[in-house]
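Residue-level listing of the chains:
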Number of protein chains: 2
Amino acid sequence: MKPTFEDIKQQLKAKNISLSYQRLKILEYLIENRCHPTVEMIFAGLHDEIPTLSKTTIYNTLRILEEAGLVKEITTEDKEARYDIATETHGHFKCESCGTIFDFSVDIDSIIPGDLSRFVIKDKNIYFKGLCPRCL
Amino acid sequence: MKPTFEDIKQQLKAKNISLSYQRLKILEYLIENRCHPTVEMIFAGLHDEIPTLSKTTIYNTLRILEEAGLVKEITTEDKEARYDIATETHGHFKCESCGTIFDFSVDIDSIIPGDLSRFVIKDKNIYFKGLCPRCL
DNA sequence: TAATAAGATTGTAATCATTACATGTTTGTA
DNA sequence: TACAAACATGTAATGATTACAATCTTATTA
Ligand SMILES: [Mn+2]
Ligand SMILES: [Mn+2]
Ligand SMILES: [Zn+2]
Ligand SMILES: [Zn+2]
């Protein structure tokens, strides 16, 4: 079940993170735009409503939300980071043609190999590339 | 079985890629340094032997080798790309403490979900993070 | 062999996402 | 209101990567 805006506000309060206007708007944007947006997209998307919002604030907020475990940074071969409201672990598929990043569910834990038995795994990423049905 | 330097030279010839001195040295470096080096590391590692080698040539060569399917770029949350002599698909584990990137074998194909049945998958990446046994 | 052209290499300058930092603003508390 | 802590902002710096133009190598041809 995807957390609501209110759920997330509660989580932030629980972690003693101030609910500033900018932070709430950035969170709201992430909830409403589940396309794994870039900082640039968040900036452009909020500009009409908060003309003074600075990119630095967006970077700061995303770092704080990531440290709190509410947001996850997606790394692709592009240089621009993309952000995902963290829900359960899931895989990402990027279409090389249209650039869309799709979510897919995957049971990662079932394939963790013995090679890693003595490692502490803190983060798991699955990232595929190719062509989406629309672009085929 | 890991390909030898000679194997790779044959593959390059087969693909009509010139075997310049610099390209062969960069390849040799990648074969002998299987630590997923950065461009900076390759540059520093070859500097004594080829003082005139430029980073542009390293970037160009890595791109050509990647297009030929002989080298794979590893993307991490760091901004510096790292390079791997492409063998079979395998997973990567980065230790957050010492920075080492470990290889591990994983049967990715066994977990490709139905979600992606209508997608064409061209590239698969598995990237874990955490702590290695040495750093525990 | 000399002339030529294509391909490789090099160094410098530009690009662009991200971060550092100093300044200004808001918020909560007494 | 007065004060301090936390936030937000804008500008400047950073650093990996790319663009580009000039130079060097190599192979081919006359
Ligand atoms: Mn996602
Ligand atoms: Mn590897
Ligand atoms: Zn597509
Ligand atoms: Zn380690």
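Residues numbered from 1 in each chain as written. Chains lettered and ligands numbered in written order. Predicted model: local features only at pLDDT ≥ 70, side-chain atom pairs only at ≥ 80, totals over all residues. Heavy atoms only, no water.

J.: Looking at this structure, I do not really get the protein's contact with DNA strand D. What am I missing?
T.: Around DNA strand D sit 16 residues in total, of which Ser 18, Ser 20, Thr 57 and Lys 79 of chain A together with Tyr 59 of chain B are the nearest. For DNA strand D, the backbone portion of the atoms within 4 Å of the protein, that is sugar and phosphate, comes to 79%. Within the side chain of Thr 56 of chain A, one N or O atom sits 3.2 Å away from a base oxygen of DNA strand D. Here Lys 79 of chain A contributes a side-chain N or O atom positioned 2.6 Å from a sugar or linking oxygen of DNA strand D. Sorting the residues of the surface near DNA strand D by element identifies helix H2 (21-32) and helix H4 (55-67) of chain A together with helix H4 (55-67) of chain B as the ones contributing at least two each. (Near = heavy atom within 4 Å. Polar contact = N/O pair within 3.5 Å; in protein donor to acceptor, adjacent residues only side chain to side chain. Helix = DSSP H or I, 4+ residues; strand = E, 2+ residues; numbered from the N terminus.)

J.: Mind showing me how you'd approach the packing of H2 of chain A against helix H3 (residues 39-47) of chain A here?
T.: How two helices sit against one another is set out by the angle between their axes and by the gap between those axes. All names here are of chain A. Direction vectors running N to C along H2 and H3 enclose 110°, while the axes themselves pass 11 Å from each other. Taken together, the axes of H2 and H3 lie roughly perpendicular to each other. Along the contact surface, H2 presents Lys 25, Ile 26, Tyr 29 and Leu 30, while H3 presents Met 41, Ile 42, Gly 45 and Leu 46. Here the residues of the contact of H2 with H3 are counted per class, giving 6 nonpolar, 1 polar and 1 charged. (Axes fitted to C-alpha atoms, helices over the stretch in contact; angles between N-to-C directions. Parallel < 35°, antiparallel > 145°, perpendicular 65-115°, else oblique. Contact = heavy atoms within 4.5 Å. Nonpolar A, V, L, I, M, F, W, Y, C, P; charged D, E, K, R; others polar.)

J.: Explanation requested: unusual backbone geometry in the structure shown.
T.: Apart from glycine, the bulk of residues carry a negative phi angle, and the bulk of peptide bonds sit in the trans form. Non-glycine residue His 36 of chain A carries a positive phi angle of around 60°. In this structure His 36 of chain A comes out as buried when scored by relative accessible area, which is 2%. Even without glycine at this site, Asn 16 of chain B takes up a positive phi of about 60°. Residue position: Asn 16 of chain B is located in the loop between helix H1 (5-14) and helix H2 (21-32). (Buried < 20%, exposed > 50% of the residue type's maximum accessible area, 1.4 Å probe, protein only.)

J.: Looking at this model, I keep getting lost on H4 of chain B. Mind explaining?
T.: Residues spaced three or four apart along an α-helix point in a common direction, a consequence of the helix completing one turn every 3.6 residues. Residues and elements named next belong to chain B. Under the 1.5 Å per step criterion, the end-to-end length of H4 is 18 Å for 13 residues, consistent within 8% with the ideal 18 Å. Listing the buried residues of H4 in full gives Ile 58, Thr 61, Leu 62 and Leu 65. For H4, the buried positions fall inside an angular range of 100° around the axis, keeping them on one side. Facing away from the buried side of H4 by over 90 degrees, the exposed positions are Thr 56 and Glu 67. Against H1, H2, helix H3 (39-47), strand S1 (71-74) and strand S2 (82-85) lie the buried residues of H4. Phi turns positive one or two residues past the end of H4, at Gly 69, with a value near 80°. (Expected span 1.5 Å × (residues − 1). Arc of directions from axis to C-beta.)

J.: What exactly am I supposed to notice about the packing of H2 of chain B against H4 of chain B here?
T.: Residue and element names in this part refer to chain B. Put simply, H2 and H4 touch, their axes get as near as 10 Å, and they point 75° apart. When the interaxial angle is binned, H2 and H4 end up roughly perpendicular. Residue-level inspection shows Gln 22, Arg 23, Ile 26, Leu 27 and Leu 30 of H2 in contact with H4, the latter providing Thr 57, Ile 58, Thr 61, Leu 62, Ile 64 and Leu 65. Among the residues forming the contact of H2 with H4, the class breakdown is 7 nonpolar, 3 polar and 1 charged.

J.: How should the relation of the copies chain A and chain B be read in this particular structure?
T.: For the pair of chain copies, the relating transformation is a rotation about an axis with a translation along it. The operation relating chain A to chain B is a screw motion whose rotation component is 180°, with 0.0 Å of axial translation and a residual RMSD of 0.1 Å. The symmetry that links the two subunits is that of a two-fold axis. Every residue of chain A has its C-alpha some distance from the rotation axis, and the shortest such distance is that of Ile 126 of chain A, at 2.4 Å. Both copies present the same face, since 100% of the interface residues in chain A are matched by interface residues at the equivalent positions in chain B. (Least-squares fit on C-alpha atoms with pLDDT ≥ 70 in both.)

J.: Would you mind showing me how to read the packing of aromatic side chains here?
T.: Within a pair of aromatic rings, the relevant descriptors are the distance that separates the centres and the angle that separates the planes. On inspection of all chains with the given rule, the structure shows 8 aromatic pairs over all chains. Judged by centre distance (4.8 Å) and plane angle (75°), the rings of Phe 119 of chain A and Phe 93 of chain B are edge-to-face. Remark: Phe 93 of chain B occurs in strand S3 (residues 91-95) and Phe 119 of chain A occurs in the loop between strand S4 (101-104) and strand S5 (120-131); the pair is interchain, linking two chains. In this structure Phe 119 of chain A comes out as buried when scored by relative accessible area, which is 15%. Three or more aromatic residues joined by ring pairs form one cluster here, namely Phe 93 and Phe 102 of chain A together with Phe 119 of chain B. (Phe/Tyr/Trp six-rings, centres within 6.5 Å; stacked < 30°, edge-to-face > 60°.)

Keep in mind that these numbers describe shape and distance, not what the molecule does.
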